[in-house]
Amino acid sequence: MGQMDDIKAHTKQKKYTQVKWLNLKVMEMEMEMESSLSYWEYTGILVLRPLLAVGFVLSLISLGWLLAWKLVLVHVPLVQEVFGLRKKPVRSKPPTGRFSKIYSTIHAQNLPSTS
């Protein structure tokens, strides 16, 4: 039993030493990171990067919308009606020329009379 207790105690001591060494390494790394980052680097990480990321995403969305609008949506009748893009129908000139008189007389002859 004495040897088993010695082995357990030695293993326990070894694990404790490893954990202590790892904790020291982690603390050293944290201290290095804290001391190496300046105020401007923190500003860049905490403020500028998120703003740049949001700006980039919004620019991609805007570019996609602009392309969709110019290439597709302008030609859809419902969108034209909603946004008032539909052109007014062009009215033809009233028939006053020489050919229109000829065609109107032919058309009048073809109509059945009601008298």
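Nothing here was measured: the structure is a model prediction, and the numbers come from that model. (Residues numbered from 1 in each chain as written. Predicted model: local features only at pLDDT ≥ 70, side-chain atom pairs only at ≥ 80, totals over all residues. Heavy atoms only, no water.)

Once that is clear, we can look at the overall build of the protein. When helices and strands are tallied, the protein shows four helices and zero strands. In the protein, which comprises 115 residues, the share counted as buried stands at 3%. For the protein, the computed accessible surface area is about 11600 Å², with 68% contributed by carbon and sulfur atoms. (Helix = DSSP H or I, 4+ residues; strand = E, 2+ residues; numbered from the N terminus. Buried < 20%, exposed > 50% of the residue type's maximum accessible area, 1.4 Å probe, protein only. Areas by Shrake-Rupley, 256 points an atom, 1.4 Å probe, with all protein chains shown as cover.)

Next up on the list: the environment of arginine 86. Turning to its location among the elements, arginine 86 is positioned in the loop between α3 (77-83) and α4 (98-110). With near-sequence residues (within four places) excluded, arginine 86 lies in contact with Pro77, Gln80 and Glu81. (Contact = heavy atoms within 4.5 Å.)

So, about the packing of aromatic side chains. Any aromatic ring pair is given by two values, namely how distant the centres are and how the planes are angled relative to each other. One pass over the full model with this rule turns up two aromatic pairs. Between the aromatic rings of tryptophan 69 and phenylalanine 83, the centroid separation amounts to 5.4 Å while the plane-to-plane angle is 90°, which identifies the pairing as edge-to-face. One end of the pair, tryptophan 69, is in helix α2 (residues 39-71); the other, phenylalanine 83, is in helix α3, with 14 residues separating them in the sequence. Residue classification places tryptophan 69 among the partly exposed positions, given a relative accessible area of 22%. One aromatic cluster in this structure is built from Trp65, Trp69 and Phe83. (Phe/Tyr/Trp six-rings, centres within 6.5 Å; stacked < 30°, edge-to-face > 60°.)

As a note on interpretation, predicted positions should not be read in detail where pLDDT is low. In this model, the protein carries a mean pLDDT of 79, and residues with pLDDT of at least 70 account for 78%. Model confidence for the protein, summarised as mean pLDDT per element, is weakest for α4 at 72 and strongest for α2 at 92. (pLDDT = per-residue confidence, 0-100.)

Another aspect to go through is a nonpolar patch on the surface. Together, Leu63, Leu66, Leu67, Leu71, Val72, Val76, Leu78, Val82, Phe83 and Leu85 line one region of the surface with nonpolar side chains, adding up to about 970 Å² of accessible area. Within the residue set of the nonpolar patch, elements represented by two or more residues are α2 and α3. When residues of the nonpolar patch are assigned to their parent elements, the largest contribution, four residues, is made by α2. Positionally, valine 76 belongs in the loop between α2 and α3. (Patch = residues over 30% accessible without salt bridge, like charges linked within 9 Å, V, L, I, M, F, W, Y side chains within 5 Å. Salt bridge = Lys/Arg side-chain N within 4 Å of Asp/Glu carboxyl O.)

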